[in-house]
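A closer look at the structure
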Amino acid sequence: MLSPLLREWPGLFLSSLLLLATAVAAPTQETNIGSPSDTSAATLANNVAELRIFLTEDSGMVRGEMATARPSNVAELSLAMEEGSVTFRDDGAGPDRVKGDGVFSARFKLDTTAEFEALRAGLRATIDVLRDPGQDILIRRGPRDIVTAADAIRDAELKTPEILKKARQEAKRAARLLDFQDPLRAAKALDINIATTPFQRLPGPQFDPLERKQFKVEYLFDFPIFTTFPPPAPRVTIDRDRSLLITAKDVVEDDELSFDACTGTGSPGGPWSFGHLMRELAHGTGLTPEEFTLHWLLSWRLPHEVNGWIVPARHQQLQHFIDGWRGLSPSGLLDVDYFPARLLAIVNRPDLADRIGFGAGGSAGEGRLVFGLMTGSCTPASFTVIFEYGIAANSCIEVKAWQQRWKDLDQFDVGTADYNEALESVTRAFTDHGSNPGQRPNTSSLSQMRTNENQLASGWDMREFRLEDTGLLDLVPVKQTPHNDFNGKGILLDYFVINEADILNNRHVVGERFPDDLDPFLGAVSNTLFPIYFWSVSDLNSLIDPVETRRKFSLATCNGCHAGETGTRFTHIGNEGRREMGQPAELSGFLRGETVTVPMSGGATRRYEDLTERETVMSELLERSCFWLLAFQQSPFVH
């Protein structure tokens, strides 16, 4: 049965469309990476303030503490780790010191020598920076927060002088740790009490550096380890072109796996084609893939109400796209396999992993396919469509296994038949229906589809679509981005003041309503006319850290990240969303590496090099211990 939206437009040859036979779906990949939740673990997942690891005299065994921001009624929980299930207790028994204090303790095996080795380069760099901050070194203070060592120290002198002073005083003693390979021997030589001084401290999502009077960094025997950038060579190296952002011509133009209807290159319905992805999404809806796709495309033709906002129609060139699609379809009837879209990239987003090790609701990140649409005359359009699939992961072991599948692509040369076959196996684990049996009726892993275009009206317009209960793609509010009308207004300052701690600690989530439950705040769409767009208000003096609070908030928005906050001209993949055949898609400086002057900062700069940051995250997911990953914090920069 046709949806009401399709019935509104009988002039689009829908009578002929109904005569199309329903396309046969590709073979189902019955992949379900998640499983039912553990409610105790789910309660604590985002409440971790700090992890602590204590050495013991028993070689290879440690005592771990998971300190939560608030006590709960949970007395124990079991988590899957490398050696199997480990039970953490807050009942005052066994390794737990105090009952009900919100600190969960357990004994487990850990390769402390490997952990010690992983921190040595950072320890050496930290000591060097404390001794001479004028060196040409960059410090990564958090996601998308890379500054010069001089700026990092200058900032610490202003905001946390006592913490910095203590670190400088301890630097000479900490340097002696570099003389040892075994952390237990190092502790004894430096007269460190291993029962009371943690071998490692790790800040969790709820860590507050001002409250704890510590830097928000990893600590080694109570000495801070600054993260230099680019980071020291990790034990697990990542090849971004093979396992993070894949744009190679021989991949995106593979003769069997992709398809470009405008040039006829590839195979119609190939697993990396736009048509295949839409066919898989249409599963279970009762619509043909063509009807499903047309319903989505026609959403630009009518006004919508989303989160209390009216989104006007935007369709100046829409019929041109539809006519172009029909013209490419062999029978003259719309055929989803001939939808005019060109594959730009296949993307792994490990930085969007979340709640690692805490049961259902956990994520190993996202997998994405990025397309650029073609105009009715088959020229590349400034119109990107991103299919963004969530990768459910029930445990740390599953997160590691998923990222290892991407890492295993390293054994092949990019674009060869072996590489493309292996990559197809990875992508079909999330693109095909059946990958998420709990989502009905599509059984799809799609988290959202995002679009970014300036073809249907003036200005750039960014939208987000999700599969609703009907199984159709419906317009929903854009994440982390208020309605444009609030930019520069007092309500935005109110939001900054109330949420400043969360913004600074990379954990803010912009809700649909603010300041009250009846007041729409989150935008229905995100748009901008100019590449210099960013979010701010004129007077930020009431904030504790006006420059960083404004910057981090603006950077997390759609139109801030795709414009003035990063010095980007609207898209990060493709030249304003376009790619010519035979050429890989261009990548923005934000992805490849650039230094940007921060708006409204008095000339402060930030280094953005997002692909290198994602390399670091992927390496950490593969090499660091499951206990370490309990402190993993999802980036608020979800776009």
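Quick caveat, the model's predicted, so the values are computed rather than measured. (Residues numbered from 1 in each chain as written. Predicted model: local features only at pLDDT ≥ 70, side-chain atom pairs only at ≥ 80, totals over all residues. Heavy atoms only, no water.)

1. Things to note about the packing of aromatic side chains
Scanning the model with the defined rule gives 33 aromatic pairs in all. Seen in terms of ring centroids, F88 and F627 are 5.9 Å apart; in terms of plane orientation they differ by 10 degrees. Their pairing is stacked. Residue F88 is found in strand β4 (residues 84–89), and its partner F627 is found in helix α21 (residues 626–629); the two are separated by 539 residues along the sequence. Judged by its relative accessible area of 0%, F627 falls in the buried class. Of the aromatic side chains, those joined through ring pairs into one cluster are F274, W296, W300, F321, W325, F339, F371, F383, F387 and F465. Across from the ring centre of F54, 4.2 Å away, lies the NZ or CZ of R63, which sits over that ring. The aromatic ring of F54 is capped on one face by R97, whose charged end is 5.1 Å from the ring centroid. (Phe/Tyr/Trp six-rings, centres within 6.5 Å; stacked < 30°, edge-to-face > 60°. Helix = DSSP H or I, 4+ residues; strand = E, 2+ residues; numbered from the N terminus. Buried < 20%, exposed > 50% of the residue type's maximum accessible area, 1.4 Å probe, protein only. Lys NZ or Arg CZ within 6 Å of the ring centre and 35° of its normal.)

2. Remarks on helix α4 (residues 112–131)
Here α4 is 20 residues long and its end C-alpha atoms lie 28 Å apart, about the 28 Å a rise of 1.5 Å per residue gives. The axis of α4 is deflected most strongly, by about 35 degrees, at R120. (Expected span 1.5 Å × (residues − 1). Bend = angle between axes of the 7 residues up to and from the residue.)

3. Regarding the layout of surface pockets
Each pocket or cavity is described by its volume, and for the second largest pocket that value is around 720 Å³. In this structure, the second largest pocket is lined by 34 residues; those nearest its centre are D354, K479, V509, Q634 and V638. The set of elements that each furnish at least two residues to the lining of the second largest pocket consists of β18 (363–374), β19 (380–392) and β20 (446–453). Residue classes in the lining of the second largest pocket are distributed as 10 nonpolar, 16 polar and eight charged. (1 Å grid on protein atoms, 1.4 Å probe; cavity = no way out; pocket = protein on both sides within 12 Å on 5 of 7 lines; lining within 4 Å. Points joined across faces, edges and corners; volume = space filled by probe spheres on them. Nonpolar A, V, L, I, M, F, W, Y, C, P; charged D, E, K, R; others polar.)

4. Observations regarding a nonpolar patch on the surface
A contiguous nonpolar patch, built from L529, F530 and I532 and spanning about 360 Å² of accessible area, is present on the exposed surface. In this structure, L529 sits in the loop between β23 (526–528) and α17 (546–556). Its relative accessible area of 54% is what places L529 among the exposed residues. (Patch = residues over 30% accessible without salt bridge, like charges linked within 9 Å, V, L, I, M, F, W, Y side chains within 5 Å. Areas by Shrake-Rupley, 256 points an atom, 1.4 Å probe, with all protein chains shown as cover. Salt bridge = Lys/Arg side-chain N within 4 Å of Asp/Glu carboxyl O.)

5. Side note on the side chain of H483
Inspection of the secondary structure assignment puts H483 in the loop between β22 (473–476) and α16 (490–504). Contacts of H483, omitting those with residues within four sequence positions, involve W309, F521, L522, G523 and W535. (Contact = heavy atoms within 4.5 Å.)

6. Overview of the state of the cysteines
Going through the model one piece at a time under the given rule, you end up with two disulfides. Residue C262 pairs covalently with C378 via a disulfide, S to S 2.1 Å. Because the torsion about its S-S bond is -85 degrees, the bridge between C262 and C378 counts as left-handed. Note that C262 is positioned in the loop between β13 (259–260) and β14 (265–266) and C378 in the loop between β18 and β19, a separation of 116 residues in sequence. Here C558 stays unpaired: no disulfide links it, and the sulfur of C561, its closest cysteine neighbor, is 8.5 Å away. (Disulfide = S-S within 2.5 Å.)

7. So, empty space enclosed by the protein
One pass over the full model with this rule turns up two cavities of 30 Å³ or more. In this structure, the largest cavity occupies an estimated 380 Å³ of space. Lining the largest cavity are 24 residues, with R368, I386, H562, H572 and H639 positioned closest to its centre. Taken together, the elements giving at least two residues each to the lining of the largest cavity come down to β17 (341–349), β18, β19, β20, β21 (460–467), α18 (558–561) and α19 (589–592). In terms of residue class, the lining of the largest cavity is made up of 10 nonpolar, seven polar and seven charged. Approximately 60 Å³ is the volume found for the second largest cavity. Every residue lining the second largest cavity is counted, 14 residues in all, and those nearest its centre are V252, S258, F259, D260 and L343. Looking at the lining of the second largest cavity, the elements with two or more residues in it are β13 and β17. Of all the elements, β17 adds the most residues to the lining of the second largest cavity, at three residues. Within the lining of the second largest cavity, the residues separate by chemical class into seven nonpolar, three polar and four charged.

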